[in-house]
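This is what each chain is made of:
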Amino acid sequence: MSVNMEPSEPSGQSFEDIALFARELVIDPRIPEICPGFDVPFYQAGLAGYSDGAMRLIARQHGCPFCVTEALLDRTLISGGKGRRKEDPDTLAEELASGDLEGNMAAGFDDHPIAGQVIGTSPSEMARGAEILTEMGYDAIDVNLACPVKKIRRRNRGGHFLTTPKEACEILSAVRDSVPNKIPTTVKMRRGWDDSKESEDNFYTIFDYAYEVGFAWATVHPRTVEQRYLGPSNWDFLKRLVVSRPDCLIFGSGDIWCAADIFRMMKNTGVSGVSVARGCIGNPWVFTQARALMDGNEPKNPTLSEQRSTLLAHIELCVRLHGEKKASRLMRKFGIQFSKFHTNPDETKKQFIQAESMQDWKGVIEKSYPIDS
Ligand SMILES: Cc1cc2nc3c(=O)[nH]c(=O)nc-3n(C[C@H](O)[C@H](O)[C@H](O)COP(=O)(O)O)c2cc1C
């Protein structure tokens with residue numbers, strides 16, 4: 001399954017206004033208080049099939065302060081990562097939004113602070129999954145009530161809980177109770193199942209309950225579950241939410257394609273922070289550029305030589321994490337996204353698509369990304 005990377009609306013609005021806003025921005029102090037080290041108001045989202053330890057470490061090297069794993073299925077966690085179906089792991093991860101445990105282990109000491117994201121069906125299994133993530137050393141636990149993947153064997157998961165608020169609340173309680181007080185819990189939500197009033201009411205019931213039982217923040221992706229990733233993310237919904245719940249720490253998600261979009265969302269909606277998702281696939285520079293904007297500097301695009309170093313570092317981490325065979329397959333989809341920054345993007349993209357082995361891959365880098373460029 002390929003991921004749709006087309007921005008659903010142009011990121012208009014004056015760049016100067018956004019740059020000024022970014023320069024004057026002070027992070028909500030609750031964020032670093034809750035999660036030491038989370039020092040700027042943006043983070044790398046969970047992205048099934050992408051945001052493994054390698055992508056996270058590369059993001060951090062480029063200024064990302066906090067990452068969330070892809071959604072990890074409670075039962076996978078409970079069974080120690082075993083018992084997964086034997087299909088292609090990438091497809092499986094994308095389709096089920098249930099990431100591979102090994103690729104999501106916090107990849108060394110540099111991969112902190114990090115939230116482990118749990119997805120599942122029953123409160124008791126979700127709670128046990130959250131407990132396991134805590135034992136594994138994750139700094140926060142994120143509950144996925146957002147994934148739009150269809151019901152699997154009639155089991156509710158992810159965004160489907162927006163149709164059953166009582167069950168969603170039971171999950172939130174069970175997860176909060178299972179995790180030590182010192183570990184923050186957070187929740188990822190869609191704005192509803194669909195555009196109905198009932199759906200919005202369900203959203204608010206679950207959202208309010210999360211804060212009532214001690215969740216530190218919610219990241220709200222204001223597309224509906226039915227909408228999946230199509231059409232614009234409804235930033236007006238976020239704006240209304242922030243106005244109606246002024247005391248809640250809220251992160252926004254959706255349609256963040258470049259560094260300026262992070263601050264555009266904060267300025268337009270009032271959210272305290274932003275999760276960067278498709279916009280950081282093959283683009284870790286979004287974080288460097290966002291920090292540059294906050295420092296009052298001009299965000300720069302990476303030179304070919306900078307792209308080369310980042311690509312080589314990403315490959316090395318990917319091979320270490322997954323072995324050469326899987327890494328060459330995984331890196332293909334990253335290469336396709338990275339190629340956008342090349343001076344000859346179409347040809348470079350073609351070469352990455354054609355690369356079948358790690359040797360091919362490195363050949364593309366040697367040929368198309370000269371050292372002193
Ligand atoms: C391929 C793909 C995988 C995703 N996997 C996850 C996931 O595992 N956990 C999660 O919370 N969100 C996941 N998301 C949702 C994103 O975190 C984000 O909310 C969504 O893409 C909207 O942001 P964007 O429009 O800026 O991409 C995924 C999105 C995509 C496209």
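Owing to the predicted nature of the structure, the values given are computational and were not obtained by experimental measurement.

## Re the nonpolar core
Then comes step 1: Residues V143, F207 and F263 are the most contacted members of the largest nonpolar core, which totals 104 residues.
Then comes step 2: With sequence-adjacent residues up to four places away left out, F263 is seen in contact with I18, F21, A22, L25, F42, A290, L293 and M294.

## With respect to the site of the ligand
Then comes step 1: In the vicinity of the ligand, 19 residues are found, and the nearest of them are A48, Q117, S253, D255 and R278.
Then comes step 2: For the ligand, an oxygen atom lies 2.8 Å from a polar atom in the side chain of K188.
Then comes step 3: Separating an oxygen atom of the ligand from a side-chain N or O atom of R223 is a distance of 3.1 Å.
Then comes step 4: Here the ligand loses 94% of its free accessible area of 610 Å² to cover by the protein chains.
Then comes step 5: For the shell around the ligand, the secondary-structure elements that each account for two or more residues are β2 (67–73) and β6 (217–224).
Then comes step 6: Its residues placed into classes, the shell around the ligand shows 8 nonpolar, 6 polar and 5 charged.

## Description of helix α9 (residues 197–212)
Then comes step 1: Relative to the 22 Å expected for 16 residues at 1.5 Å per residue, α9 spans 22 Å between its end C-alpha atoms, a close match to the ideal helical length.
Then comes step 2: Along α9, the positions that sit buried rather than exposed are S199, N202, F203, Y204, I206, F207, A210 and Y211.
Then comes step 3: Lining the buried residues of α9 we find β4 (140–145), α8 (165–178), β5 (185–192), β6, α10 (235–244) and β7 (250–253).
Then comes step 4: Immediately beyond the C-terminal end of α9, within one or two residues, lies G214, with a positive phi of roughly 105°.

## A word on the side chain of Q44
Then comes step 1: Here Q44 shows up in strand β1 (residues 42–44).
Then comes step 2: Residue Q44 is classed as buried on the basis of its relative accessible area, which comes to 1%.
Then comes step 3: Those residues in contact with Q44, other than ones at most four positions away along the chain, are S51, M55, R56, A59, C64, F66, C67, V68, V276, C280 and F287.

## Thoughts on the confidence of the model for the protein
Where the model shows low pLDDT, its predicted coordinates should not be examined in detail.
Then comes step 1: Mean pLDDT over the protein: 89, with 89% of residues reaching 70 or higher.
Then comes step 2: This model gives residues 83–97 a pLDDT under 50, and the stretch forms 35 contacts once residues within four places in sequence are excluded.

## Observations regarding the pairing of strand β8 (residues 273–276)
Then comes step 1: Neither face of β8 is open: one carries G273 and S275, the other V274 and V276, and all of them are buried.
Then comes step 2: By the bridge criterion, 3 bridges tie β1 to β8 in an arrangement that is parallel. Along β8, the bridge assignment pairs Q44 with V276.
Then comes step 3: As paired elements, β7 and β8 share 3 bridges and run parallel to each other. Along β8, the bridge assignment pairs F251 with G273.
Then comes step 4: As a crossover connection, the stretch from β7 through helix α11 (residues 259–269) into β8 is right-handed.

What counts and how
Chains are numbered independently. Their residues run from 1 in the order of the written sequence. Thresholds applied to this predicted model are a pLDDT of at least 70 for local features of residues and 80 or more for the giving and counting of side-chain atom pairs; totals over whole chains, interfaces and linings are not thresholded and use all residues. The basis for every side-chain value is the complete set of non-hydrogen atoms in the structure, without hydrogens or water. Residues grouped as a nonpolar core are buried Ala, Val, Leu, Ile, Met, Phe, Trp, Tyr and Cys residues, joined through side-chain atoms within 4.5 Å. Whether a residue is buried, partly exposed or exposed follows from its accessible area with a 1.4 Å probe, protein chains only, as a fraction of its type maximum: under 20%, in between, or over 50%, in that order. The contact criterion used throughout is that any non-hydrogen atoms of two residues lie within 4.5 Å. Whether a residue is near a molecule or strand is decided by its heavy atoms; if any one of them lies within 4 Å of it, the residue is near. Pairs of N or O atoms are called polar contacts if they sit within 3.5 Å, as long as, within protein, a hydrogen donor faces a hydrogen acceptor (for residues adjacent in sequence, only side-chain-to-side-chain pairs). Using a 1.4 Å probe, the Shrake-Rupley method yields the accessible areas, and only the shown protein chains count as cover for residues. Helix numbering and strand numbering both begin at the N terminus, where a helix is a DSSP run of H or I of at least 4 residues and a strand a DSSP run of E of at least 2. Gly counts as polar in this scheme, as do all residues outside two lists: the nonpolar Ala, Val, Leu, Ile, Met, Phe, Trp, Tyr, Cys and Pro, and the charged Asp, Glu, Lys and Arg. The length a helix should cover is 1.5 Å for every residue beyond the first. One number per residue, pLDDT, summarises how confident the predictor is, and it ranges from 0 to 100. Pairing between strands requires that DSSP locate at least two bridges from one strand to the other. Crossover handedness is defined here as right-handed if the route from the first strand over the helix to the second strand goes clockwise, with the strands pointing away from the viewer.

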